[in-house]
Amino acid sequence: MQPRNMSMRGAVDLAAVKAAAEAAEKAEQARAARARQAQEGGGEAPSAGPLVFDVSEAEFEAEVVPLSAEVPVVLDFWAEGYAPAEELNPVLEKLAAEYDGRFVLARVDIRNSQNLARQLQIRDLPTVLAVVAGQLVPLFEGPAQEAEIRQLLDQLITVAEQRFGIVGEVGARSGGAVGEPVERPEPADPAMSAAHDALDRGDLGGAIQAYRNVLSDRPASVEAKLGLAQAELLQRVQGMDPQAVRTAGAERPDDIAAQLAAADLDLVGGHVEDAFGRLVDLVGRTFGDDRDQVRQHLLGLFEVIGAEDQRVVKARGALARKLF
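Residues numbered from 1 in each chain as written. Predicted model: local features only at pLDDT ≥ 70, side-chain atom pairs only at ≥ 80, totals over all residues. Heavy atoms only, no water.

With that out of the way, let us pick up the overall build of the chain. For the chain, the count of helices and strands is 13 helices and 5 strands. When burial is assessed residue by residue, the chain has 47% of its 324 residues classed as buried. Summing over all exposed atoms, the chain offers an accessible surface of approximately 15800 Å²; the carbon and sulfur share of this is 50%. (Helix = DSSP H or I, 4+ residues; strand = E, 2+ residues; numbered from the N terminus. Buried < 20%, exposed > 50% of the residue type's maximum accessible area, 1.4 Å probe, protein only. Areas by Shrake-Rupley, 256 points an atom, 1.4 Å probe, with all protein chains shown as cover.)

With that settled, consider the pattern of salt bridges. Tallying each qualifying case throughout the model produces 16 salt bridges. In this structure, Asp54 engages Arg107 in a salt bridge whose closest nitrogen and oxygen atoms are separated by 2.9 Å. In this pair, Asp54 is assigned in strand S1 (residues 52-54) and Arg107 in strand S3 (residues 104-109), connecting sequence segments 53 residues apart. Exposure remark for Asp54: the relative accessible area of 49% places this residue in the partly exposed category. Arg107 sits in the buried class, given a relative accessible area of 18%. Here Glu80 makes a salt bridge to Arg111, at a shortest N to O gap of 3.3 Å. Of this pair, Glu80 sits in the loop between strand S2 (73-78) and helix H3 (83-99) while Arg111 sits in the loop between S3 and helix H4 (114-119); the two residues are 31 residues apart in sequence, bridging distant segments of the chain. In this structure Arg111 comes out as partly exposed when scored by relative accessible area, which is 45%. (Salt bridge = Lys/Arg side-chain N within 4 Å of Asp/Glu carboxyl O.)

Attention now moves to unusual backbone geometry. Cis geometry is adopted by the peptide bond preceding Pro126, which originates at Leu125 and carries an omega value of -10°. One non-glycine residue, Asp100, lies in the positive phi region at around 50°. Taking relative accessible area as the criterion, Asp100 reaches 16% and is therefore assigned buried. Of note in the backbone geometry, Ala133 takes a positive phi value of approximately 55° without being a glycine. For Ala133, the position within the fold is in the loop between strand S4 (127-132) and strand S5 (135-141).

Here the focus is the packing of helix H11 (residues 272-285) against helix H13 (residues 310-323). At their nearest, the axes of H11 and H13 sit 9 Å apart, and the two run at 10° to each other. Between H11 and H13, the angle falls in the class roughly parallel. Residues Val272, Glu273, Phe276, Val280, Asp281, Val283 and Gly284 of H11 lie in contact with H13, whose contacting residues are Arg311, Val312, Ala315, Ala318, Leu319, Lys322 and Leu323. Looking at the contact of H11 with H13, its residues break down into 9 nonpolar, 1 polar and 4 charged. (Axes fitted to C-alpha atoms, helices over the stretch in contact; angles between N-to-C directions. Parallel < 35°, antiparallel > 145°, perpendicular 65-115°, else oblique. Contact = heavy atoms within 4.5 Å. Nonpolar A, V, L, I, M, F, W, Y, C, P; charged D, E, K, R; others polar.)

Among the structural elements, Gln243 can be located in helix H9 (residues 242-251). Overall, Gln243 belongs to the exposed group, its relative accessible area being 55%. Gln243 sits 19 residues away from Ala262 along the chain, and the two C-alpha atoms are 10.0 Å apart.

Looking now at the packing of aromatic side chains. Using the criterion set out here, one finds 2 aromatic pairs in the structure. Ring centres of Phe276 and Phe302 lie 4.9 Å apart, and the angle between their planes is 85°; this geometry places the pair in the edge-to-face category. Placement of Phe276 in helix H11 and of Phe302 in helix H12 (residues 288-305) is noted, with a sequence separation of 26 residues between them. By the burial criterion, Phe276 is buried, and Phe302 matches it. (Phe/Tyr/Trp six-rings, centres within 6.5 Å; stacked < 30°, edge-to-face > 60°.)

This brings us to the pairing of S2. The buried count for S2 comes to 6 of 6 residues, which makes it a mostly enclosed element. Bridge analysis of S2 against S3 gives 6 bridges, and the strand direction is parallel. When the sheet's bridge partners are listed, Asp76 is paired in S3 with Arg107. Traced from S2 through H3 to S3, the parallel crossover comes out right-handed. (Pairing = 2+ DSSP bridges. Right-handed = clockwise from strand over helix to strand, strands pointing away.)

Turning our eyes to something else, we now look at H9. Residues of H9 that are buried include every one of Val245, Ala248 and Gly249, and no others. Taken end-on, H9 shows its buried residues confined to a sector of 100°, consistent with a single buried face. H9 presents Gln243, Ala250 and Glu251 as exposed residues on the side facing more than 90 degrees away from its buried surface. Each element contacted by the buried residues of H9 is listed here: helix H10 (256-268) and H11. Measuring from the side-chain oxygen of the N-cap residue of H9 to the backbone nitrogen of Gln243 gives 3.2 Å; that N-cap residue is Asp241. (Arc of directions from axis to C-beta. Polar contact = N/O pair within 3.5 Å; in protein donor to acceptor, adjacent residues only side chain to side chain.)

If pLDDT is low for a region, its predicted coordinates should not be looked at in detail. Taken over all residues, the pLDDT of the chain has a mean of 79, while the share at 70 or more is 79%. Segment residues 1-21 is flagged for pLDDT under 50; beyond a separation of four residues in sequence, or across chains, it makes 68 contacts in the model. (pLDDT = per-residue confidence, 0-100.)

Of all 7 residues in S5, 5 are buried; the element is thus mostly enclosed. Pairing of S4 with S5 involves 6 bridges; the strand directions are antiparallel. Across the sheet, residue Val128 finds its bridge partner in S5, namely Phe140. Two successive antiparallel strands, S4 and S5, enclose a turn made up of 2 residues, where Ala133 displays a positive phi of approximately 55°.

Shown next as structure tokens:
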């Protein structure tokens, strides 16, 4: 399987808005602490842990999640004796050494972490995910070429800095000079930054208007479309009673409003395929204006995840079969 294109907005969580601001603050505090330690130590970089380490499900919450507030954590799910997974390990280790602290690599042997693998829906080996500010980001499944992995890592690092203020410092973990020059992404678009900032503050109405302002000037902006779709979704689910929504969805399968609300809740909870499947099936049971309403809502959910995500590609195919 070829690597999936990464969509940083693919994992929608109501906690993500708050997490972004908190992560940026924690990351800044961590950088300040390291700078103080380096100054007190005569300019030498303080020890901040290894670039590559093994982690089990028992250590995941205690180690990986807090660390992801300081540096992007790449998770490599593998198993000893399974050649494709074993062959990827040295490639990732080489890249971790080359990037020298801009991300860290946590290796997860699924034999010792079966519950974690099930929770994260690991379907193939190797599978590589990332954790940024406690948010899970899919990178790729199956074998991949070094050049493809490098491209995904560059995207991960850029978005971790732009969206969460998280910058893994070169040399911070290898013993090199902390604060070496790091290539920075191009300055952010002020209008887009204002929209992102509103979303991070939880000002969903302001974020929606800001993204619409960007789209009025640049209708083809994929980033603004994704941001608007996410903000609108978060606004729709605010104040929902999850239990009541799920009950209505189960008891009233042909109630359009109930099914749309349940699909929104599915997506926010990370059950992306369930959300898509629910609405694809509903399209097949509706006609005329009702069908078009469901179809448009489903297309909006596709925008939240990103057109290149394989779950969207699969659902688009299923939708086409229902329509034609």
